[in-house]
Amino acid sequence: EVHLVESGGGMVQPGGSLRLSCEASGFTFSDHYMDWVRQAPGKGLEWVGRIRNRGNSYSTEYAASVKGRFTISRDDSRNSLYLQMNSLKTEDTAVYYCARSSNNWSDWFDPWGQGTLVTVSS
Amino acid sequence: DIQMTQSPSAMSASVGDRVTITCRASQGISNHLDWLQQKPGKVPKRLIYDVSNLQSGVPSRFSGSGSGTEFTLTISSLQPEDFATYYCLQHTTYPPTFGQGTKVEI
């Protein structure tokens, strides 16, 4: 069974940094693209960014709202995905989900992890 | 960015009702339009991919249709476990964008 488990959330002051992790199991992690999606409290879903697989040079894409502040990386040997968040703003407060995708355009955002809450507040 | 607009934003319905949710794209998109369900306090779950393909394990009362800029999710006979928020998602172009959600309430 595919399983994604996020960790690393917590409370941080504006301007601070935080690193989220997503540990994957139940599938060949190295074959897949991986995404981060966030959901502010009581709000809808917002795509944060993506990292492709080794065959696609681990290339990344980011939403305009986080570009230059957030960095996505992965460690295929550890089946793990990461989101380094710097220069955090109060509007970054959200539950952050990792989701599995692939180079097959019909197979994106399935499944999702349980999420980890990031609160940016002074 | 392609903007996805769902209607209605919220609705009240009864068990057994036929429910239709519409998603409109700000420009034409290909068939990479998915529908997700999120129950309160739970993780989003993909119901339909590529407009009309049912995810494995999803009941057949769910169906999707549409093309171009207008897409619909239909629940043929609403069940108690279907009360949730539904999101459309386009991933024809970057960035992938979600609709604002439709909350289906009792």
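Structure's up top.
Description of the structure in this document. (Residues numbered from 1 in each chain as written. Chains lettered and ligands numbered in written order. Predicted model: local features only at pLDDT ≥ 70, side-chain atom pairs only at ≥ 80, totals over all residues. Heavy atoms only, no water.)

**Structural notes on the overall build of chain A**
- Summing up its helical and strand segments, chain A has zero helices and 10 strands in all.
- For chain A, the N- to C-terminal ordering of α and β elements is β-β-β-β-β-β-β-β-β-β.
- Scaling as 2.2 N^0.38, a compact globule of 122 residues should have a C-alpha radius of gyration of about 14 Å, and chain A matches this with 14 Å.
- Along the longest, intermediate and shortest principal axes, the C-alpha atoms of chain A span 40 × 25 × 25 Å.
- Taking the contacts inside chain A whose residues are at least 6 apart along the sequence as the reference set, 52% of them involve residues at least 24 apart.
- When the accessible area of chain A is evaluated, it comes to approximately 5,500 Å², of which 43% is carbon and sulfur surface.
- If you average the places of the 12 positive and of the 13 negative side-chain charges in chain A, the two averages end up 6 Å apart. (Helix = DSSP H or I, 4+ residues; strand = E, 2+ residues; numbered from the N terminus. Rg over C-alpha atoms; globule rule 2.2 N^0.38 Å. Contact = heavy atoms within 4.5 Å. Areas by Shrake-Rupley, 256 points an atom, 1.4 Å probe, with all protein chains shown as cover. Lys, Arg positive; Asp, Glu negative; His and termini not counted. Charge placed at Lys NZ, Arg CZ, Asp CG, Glu CD.)

**What about the pattern of salt bridges?**
Residues and elements named next belong to chain A.
- By the definition in use, this model includes 13 salt bridges over all chains.
- Across the pair R38 and E46 runs a salt bridge, and its minimum N-O distance is 2.7 Å.
- R38 gets classed as buried once you look at its relative accessible area, which sits at 5%.
- The partly exposed category is assigned to E46, whose relative accessible area is 31%.
- The shortest N-O distance in the salt bridge between D92 and R38 comes to 2.8 Å. Taken as a pair, D92 in the loop between strand 8 (80–85) and strand 9 (94–101) and R38 in strand 4 (residues 33–39) lie far apart in primary sequence, 54 residues in all. The same class applies to D92 and to R38, which are both buried. (Salt bridge = Lys/Arg side-chain N within 4 Å of Asp/Glu carboxyl O. Buried < 20%, exposed > 50% of the residue type's maximum accessible area, 1.4 Å probe, protein only.)

**Quick look at the sheet that holds strand 4 of chain A**
All names here are of chain A.
- Strands sit in the order 2-10-9-4-5-6 across an open sheet of six strands; the sheet is mixed. Edge positions in the sheet fall to strand 2 (10–12) and strand 6 (60–62), since each has one partner strand and no second. The average undirected angle you get between the axes of adjacent strands in this sheet is 25 degrees.
- Pairing geometry for strand 4 and strand 9, over seven bridges, is antiparallel. Its bridge partner being in strand 9, W36 is matched across the sheet by C98. (Pairing = 2+ DSSP bridges. Axes fitted to C-alpha atoms, helices over the stretch in contact; angles between N-to-C directions.)

**So, the interface of chain B and chain A**
- Facing the 19 residues of chain B at the interface are 20 residues of chain A.
- Where chain B abuts chain A, roughly 1,700 Å² becomes buried across the two surfaces, and 63% of that area is made up of carbon and sulfur atoms.
- Sorting the residues of chain B by area buried against chain A places B:R46, B:Y94 and B:F98 first, and these three jointly supply 36% of that buried surface.
- Viewed at the interface, chain A and chain B are joined by two salt bridges.
- Across the pair B:R46 and A:D110 runs a salt bridge, and its minimum N-O distance is 3.9 Å.
- Counting every contact that joins chain B to chain A gives 11 residue pairs in polar contact (both at pLDDT 80 or more).
- Those elements giving two or more residues to the side of chain B that touches chain A turn out to be strand 4 (33–38), strand 5 (45–49) and strand 8 (85–90) of chain B.
- No other element matches strand 4 of chain B, which puts three residues into the side of chain B that touches chain A.
- Here the side of chain B that touches chain A is composed, by residue class, of 10 nonpolar, five polar and four charged. (Buried area = accessible area lost by both parts, 1.4 Å probe. Polar contact = N/O pair within 3.5 Å; in protein donor to acceptor, adjacent residues only side chain to side chain. Nonpolar A, V, L, I, M, F, W, Y, C, P; charged D, E, K, R; others polar.)

**What about the packing of aromatic side chains?**
- Following the criterion strictly, the structure yields 11 aromatic pairs over all chains and no others.
- Three or more aromatic residues joined by ring pairs make a cluster, and in this case those are A:W47, A:Y97, A:W105, A:W108, A:F109, A:W112, B:Y94 and B:F98.
- The aromatic ring of A:Y82 is capped on one face by A:R19, whose charged end is 3.9 Å from the ring centroid.
- Geometry around A:F27 places A:R100 over its ring, the cationic atom sitting 5.0 Å from the centre. (Phe/Tyr/Trp six-rings, centres within 6.5 Å; stacked < 30°, edge-to-face > 60°. Lys NZ or Arg CZ within 6 Å of the ring centre and 35° of its normal.)

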